[in-house]
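Here are the chains, one letter per residue:
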Amino acid sequence: MNVTRPVAFWIAVLAAFVVAVVLLREVLLPFVAGILLAYLLDPLATRLERLGMNRLIATLTIVGAFVVGVVALVILIAPALVDEVARFIDHFPLYIKRVQELATDSNRPWLSKLVGEGLASAEQSIGELTTLATAWFRDFVHSIWTGGRALISAFSLLVVTPIIACYLIYDWKKMVAVIDNWIPPAQRETVRAVVRDIDDTIRGFAIGQGTLCLILAGFYATTLSLLGLKHGLVIGIAAGLISFVPYLGSLSGLVISMCVAIAQFWPHWAVIWIVPAIFFIGQMLSDYLLSPYFVGRRVNLHPIWIMFALFAFGYLFGFVGLLIAVPLASAIAC
């Protein structure tokens, strides 16, 4: 009985947690974001407190500086970035059509074989899918600004999340102490050891992978822009940020960039082949230099396990699932 009771208790807690996330996933985003923000900023608040600063003052200073930085970044970058994204959405179907025309040109049968015989017959379907995706994305962006529910979500994310983070950072030690007292004394040391392992994995992955994504975004955006590729800034930033899911950013960025490069630079193959070289170098830097340095051996999560967790939790719980995927995957792996 002493063995089965803790197991049954944690199974019940996990089941209750899953049910709560499913039922409340529409309103959980600002709370989950606030918890993650507090988790990442608490060590800084603790350090300032050790230096003699009041905990409340340290919390307000950190969160205030974070909010000001995010707002300034949005004001400076968002207008130009949104305009470039809109132009990319408008022109990308034309790039696809241009690539299809080149591939199905009777004067270049070798190119048709290289790209694939099925491309010509799929031209209409691809065009319809591209048009449908473009229309869907436009409707989605429009709903963000016009839909009342979306506006409420955006407002809660921008306003409620910093408030939640402030409260959590200020009371972080008290919450940890309360949760620690919930654990039966006989299992307390074991649970603490497991939690420390999970904490090292989550913190190492979040900080390390986040830094890696920012570096890759800067590298891809800079090199593609210097190459003169149209929309290179947007494609590079997107490819770098999507690299949070291993290999997905480089592969998606490579495919999109090659379509744009062929449509823009044809028939100058010397310039076109620079695009895959850029993504090959970026992936090599990520695998052999950046990832071992920033992520290191503290993160024992296999890339396949990370990808499965992100896709599975994202499919089940939406954007909230993406935020809790890595913590839950770390807990299960430990």
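That block above? That's the structure.
**Q** Can you tell me about the nonpolar core, naming the residues and giving the values?
**A** Grouped together as the largest cluster of nonpolar side chains are 26 residues, with contacts concentrated most on Phe 92, Leu 229 and Val 260. Sorting the residues of this core by element identifies helix H3 (55-103), helix H9 (185-227), helix H10 (232-242), helix H11 (248-265) and helix H13 (274-295) as the ones contributing at least two each. A total of 7 residues in this core trace back to one element, the largest contributor, which is H11. In this structure, Phe 92 is in contact with Ile 256, Cys 259 and Val 260, ignoring residues within four places of it in sequence. Counting residues in each nonpolar core, the second largest holds 15 residues, with Tyr 39, Leu 41, Ile 169 and Trp 172 among its members.

**Q** Tell me about the pattern of salt bridges, and please be specific about residues and values.
**A** By the definition in use, this model includes 5 salt bridges. A salt bridge links Arg 55 to Glu 49, with the nearest nitrogen and oxygen atoms 3.2 Å apart. Of the residues examined, Glu 49 reaches a relative accessible area of 27% and is grouped as partly exposed. Put simply, Glu 189 and Arg 192 hold a salt bridge, and the shortest N to O gap is 2.9 Å. Remark: Arg 192 and Glu 189 occur in helix H9; sequence separation between them is 3 residues, near one turn of the helix. For Arg 192, a relative accessible area of 29% translates into the label partly exposed.

Criteria and thresholds
- Residues numbered from 1 in each chain as written.
- Predicted model: local features only at pLDDT ≥ 70, side-chain atom pairs only at ≥ 80, totals over all residues.
- Heavy atoms only, no water.
- Core = buried A, V, L, I, M, F, W, Y, C linked by side-chain atoms within 4.5 Å.
- Buried < 20%, exposed > 50% of the residue type's maximum accessible area, 1.4 Å probe, protein only.
- Helix = DSSP H or I, 4+ residues; strand = E, 2+ residues; numbered from the N terminus.
- Contact = heavy atoms within 4.5 Å.
- Salt bridge = Lys/Arg side-chain N within 4 Å of Asp/Glu carboxyl O.

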